[in-house]
Every structure is written in C-alpha cells, then in structure tokens.
Amino acid sequence: MGRAKKVVLAYSGGVDTSVCIPYLKQEWGVESVITLAADLGQGDELGPIQKKALDAGAEESLVADATQSFIEDYAFPAIQANALYENRYPLSTALARPLIAKLLVEAAERYDADAVAHGCTGKGNDQVRFDVSITALNPSLKVLAPAREWGMSREETIAYGERYGIPSPVKKSSPYSIDTNLLGRSIEAGPLEDPWNEPLEEVYALTAAIAKTPNEPEYVEIGFEKGLPTALNGKTLAPVELVRQLNQTAGRHGVGRIDMIENRLVGIKSREIYEAPALIALIAAHRDLESLTLTADVSHYKRGIEESYSQLVYNGLWYSPLKQALDAFIGQTQQRVTGVVRMKFFKGIAAPVGRKSEFSLYASDLATYGSEDAFDHKAAEGFIYVWGLPTRVWSQKLRE
Ligand code: ARG
C-alpha cells in the first residue's frame, strides 16, 4: 500500500515539481498523479508546461486560470489591509499560496483524490502556507511533500529526473530561486545569500534601475471605491488590467524594489529581493486615502490590525478564524474609503501628492490659519488643562 492512491500535485514546470511525479509513483506507491498549474498572471505559457507534466508521467495535467481571483479575492483585500510584512514585504508570493491551495483542494474533490502534494522543501514558508491552507479547506485530505523528505541535492534531483525522461535544464540554470506572479517577483539564493552583496541588476525584470528611469516625474490618479482600486487617470479598469497597467507605469520609474532580510516562520533569517511596482504604489495610495477618510481613532487602531493581518498572511493562516475576524473589522473601515489619490512616480519613489474624497473628513475651516478659521481657540485652553492634569499632579508630587 502506498501513501495515497490518487494525488493532485501543484505543478510549476520546474525540475523539482517534475521529479515529484515519478517520485510519488515509484517511491511512494501513488497510482495516479494529476498535476495542476495555476495561471496567476506570471506571463508563462502554460501549454508547454501541461505537456511537460504528461511527459513526466502525469495521468492528467490541469491548468487553472486564476489571475482574476488572485487579484480580486487575495490582493485587493491585502491592499485594504495595507499589508506589509515587517513593514516592507507586500506579500506578493504569500498571497498566492492560499489560492493555489484552494485550487488543489477543489481538484482533489472533483477527481476524488485522497491526497494533494506540493514540491516545497522543509525550509521555507510556502510549505506551511500550503499544508495549513489545505488542511483548513479539507481536513480529510492528506498532504504529501516529497521534496521535504527525499534529501536529494540539486544534482541528484536532476539525475533522478533523467532516469524517468525528465530533461535536465537546458541552459545553465540561474543561481536564483524566483517566484513570479502578476503582483511581482521574489528572488533569493545565489549571490544574494551573502547579505552584504548588492543585488546585480540581472535579478530585476519589472522595475528599471534608477540610473535608467525617466528624468521627468509621472503622475497617475488612482481611484478607489470602498478601499478597492477601480480607476487609473479617471478611467475605470477591471482589477487585473489595473494592476497590469500600474506595474508598467510604476515599474518604469523604478518603484517597488525591496531588498530585505526577513524572518521566516521556521526560524530562519533569509535575504530576499522583491519587486512589486503596482502593489507598492496601490498600498501607498490606499493608506493615503484612509488618512483623509478615517477618523483618528479608527486609523490608529487599524495600524495594529494591519500588523496582525500581515503576520497572519505571511504565516499561512489565510483560512483561519482570526483572519475572518480581522477581515470583518477591515471591511467595516472601508465603507467610506472612496476617492482619488494623485501619485507621483519618480526615481524609485511612489509619493501621494494629492487626495480628494466625497467622504473627506478634512475640514478646511478648522485647519486653516487664515481669517475663515472656525476653530474655537478658547476651548483649547480648558481642554489642555484637563488633558495635562494627571501630569501636573504627578510632577507636583515629585517636588513635595
Ligand atoms: N520569502 C517570500 C515569502 O515567504 C518568498 C518565498 C518564495 N521565494 C522565492 N524566491 N522562491 O513569501
């Protein structure tokens, strides 16, 4: 008896996931492997990948077109949460994992499989995100992670694959490990493993080097409705198209490059390079619109919620009760986050330089230093007396 009879495997077309196919069958006695490749707008052609899986021994090779759901159901809620892990990483890879897990579970249920599998190793966050999400969505499915157990080096993996007709990578394979989707790219390993090494220009694909960005700034007006991006420069766009266009515009100005040492859930510090031009610009714009439309207390309280939300998404708890509760809070705060933010892209910076909203809480007659001033200056005096009272009593006591 093998570990499972029928398995749905998350498939990327790379050597590791390809080797999972014969490995599951030969070593773990799986009778049939169905692969699933998700189109998340990464721009790869999935036809050849589909064929690759069949050549490697897959019974069936599925492709799921999931770009729209990725942006609408995963990226946009994260924008409403201004989600930045450790204040910097906009979770472009992390957000894709719960969606892929959902697609795997749906396929497993449709094909009556008893397990799902993925090619993650034992050192990263992604294994946690897959395992926990799959379990949350269907606790009766087994999760198999061959690469976590097989203990083969890169060379051994390639050699194993060759025995089962999986061609070894043609070009000298890149030293980097790269994850790509419509939200951006995550790049690690190779020379980046030394945190002192500046990333070579070759790692970037979506963002221009500052030395090559235009010498004139570019302005883009981003429209939001209830915290969701809906328009660029006054033109209403579907979510996927909006992100695509903004990646171009912001990327051209070098916006969205991040070089950081991050704390993985499994206790390891890792050096990762990210580029996420649209996502970084959208979070900056969204946060700015909130500053105009949320009351001070909601805005301040939300900062803590955003921090919890970002950690939870990073740590694989997308389908958890706490996540649902945070979603409810965030959703409630977004009811009046509607308006337009004027962004200025220039030399790697995405700066909000103007904002307006029908729900603006900015009161000109209160803010002005001019003659229309409506603020009751007398009232400030009594307020400050009461506000400062505890401090005054404390200070007097010290002097007794
Ligand atoms: N560190 C990022 C995360 O945990 C990205 C992981 C994938 N990165 C990669 N280069 N393959 O979300």
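Let us look at the structure shown here.

Reading the values: the criteria
- Residues numbered from 1 in each chain as written.
- Predicted model: local features only at pLDDT ≥ 70, side-chain atom pairs only at ≥ 80, totals over all residues.
- Heavy atoms only, no water.
- Helix = DSSP H or I, 4+ residues; strand = E, 2+ residues; numbered from the N terminus.
- Buried < 20%, exposed > 50% of the residue type's maximum accessible area, 1.4 Å probe, protein only.
- Contact = heavy atoms within 4.5 Å.
- Areas by Shrake-Rupley, 256 points an atom, 1.4 Å probe, with all protein chains shown as cover.
- Axes fitted to C-alpha atoms, helices over the stretch in contact; angles between N-to-C directions.
- Left-handed = near helix turned anticlockwise from the far one by under 90°.
- Nonpolar A, V, L, I, M, F, W, Y, C, P; charged D, E, K, R; others polar.
- Phe/Tyr/Trp six-rings, centres within 6.5 Å; stacked < 30°, edge-to-face > 60°.
- Lys NZ or Arg CZ within 6 Å of the ring centre and 35° of its normal.
- Near = heavy atom within 4 Å.
- Polar contact = N/O pair within 3.5 Å; in protein donor to acceptor, adjacent residues only side chain to side chain.
- Salt bridge = Lys/Arg side-chain N within 4 Å of Asp/Glu carboxyl O.

Attention now moves to the overall build of the protein. When helices and strands are tallied, the protein shows 14 helices and 14 strands. Considered along the principal axes of its C-alpha atoms, the protein spans approximately 85 × 55 × 45 Å. Taken across its 400 residues, the protein has 47% of its residues classed as buried. Looking at the protein alone, contacts between residues at least 24 apart form 74% of all its contacts between residues at least 6 apart. Carbon and sulfur atoms provide 53% of the accessible area of the protein, an area that totals close to 20,200 Å².

Further remarks concern the packing of helix 10 (residues 296-314) against helix 11 (residues 321-333). In contact at an axis separation of 10 Å, helix 10 and helix 11 are set at 145° when each is read in the N-to-C sense. Along this stretch, helix 10 crosses helix 11, giving a crossing that reads as left-handed. Residue-level contacts link Val298, Tyr301, Lys302, Ile305, Ser308, Tyr309 and Leu312 of helix 10 to Leu322, Lys323, Leu326, Asp327, Phe329, Ile330 and Thr333 of helix 11. Residue composition of the contact of helix 10 with helix 11, grouped by class: 9 nonpolar, 2 polar and 3 charged.

This part covers the packing of aromatic side chains. Across all of its chains, the model carries 11 aromatic pairs by this definition. With a centroid separation of 5.8 Å and 70° between ring planes, the pair formed by Tyr23 and Trp28 is classed as edge-to-face. For the pair shown, Tyr23 and Trp28 are each scored as buried. A ring pair is formed by Tyr85 and Tyr314, whose centres lie 3.6 Å apart and whose planes are at 5°; its orientation type is stacked. Taken as a pair, Tyr85 in the loop between helix 3 (67-80) and helix 4 (96-110) and Tyr314 in helix 10 lie far apart in primary sequence, 229 residues in all. Judged by relative accessible area, Tyr85 falls into the buried class, the value being 7%. Over the aromatic face of Trp28 sits the side chain of Arg3, whose NZ or CZ is 3.6 Å from the ring centroid.

We now examine the site of the ligand. Near the ligand there are 14 residues, and of these Tyr89, Asn125, Ser177, Glu262 and Glu272 occur at the shortest range. A distance of 2.6 Å separates an oxygen atom of the ligand from a polar atom in the side chain of Tyr89. Protein coverage of the free-state accessible area of the ligand, which is 350 Å², stands at 92%. For the shell around the ligand, the secondary-structure elements that each account for two or more residues are helix 5 (126-137), strand 6 (177-181), strand 7 (184-188) and strand 12 (269-275). In terms of residue class, the shell around the ligand is built from 4 nonpolar, 4 polar and 6 charged.

Here the focus is the pattern of salt bridges. Under the counting rule described, the total for this entry stands at 21 salt bridges. The partner of Arg97 in a salt bridge is Asp126, and the shortest N-O contact between them spans 3.0 Å. Separated by 29 residues along the polypeptide, Arg97 in helix 4 and Asp126 in helix 5 bring together distant segments of the chain. Grouping residues by exposure puts Arg97 and Asp126 together as buried. Two residues, Arg257 and Glu201, come together in a salt bridge whose shortest N-O distance is 2.7 Å. Here the residue Arg257 occupies a position in strand 11 (residues 257-263), and Glu201 occupies one in the loop between strand 7 and strand 8 (218-225), the gap between them amounting to 56 residues. A relative accessible area of 44% means that Glu201 is categorised as partly exposed.

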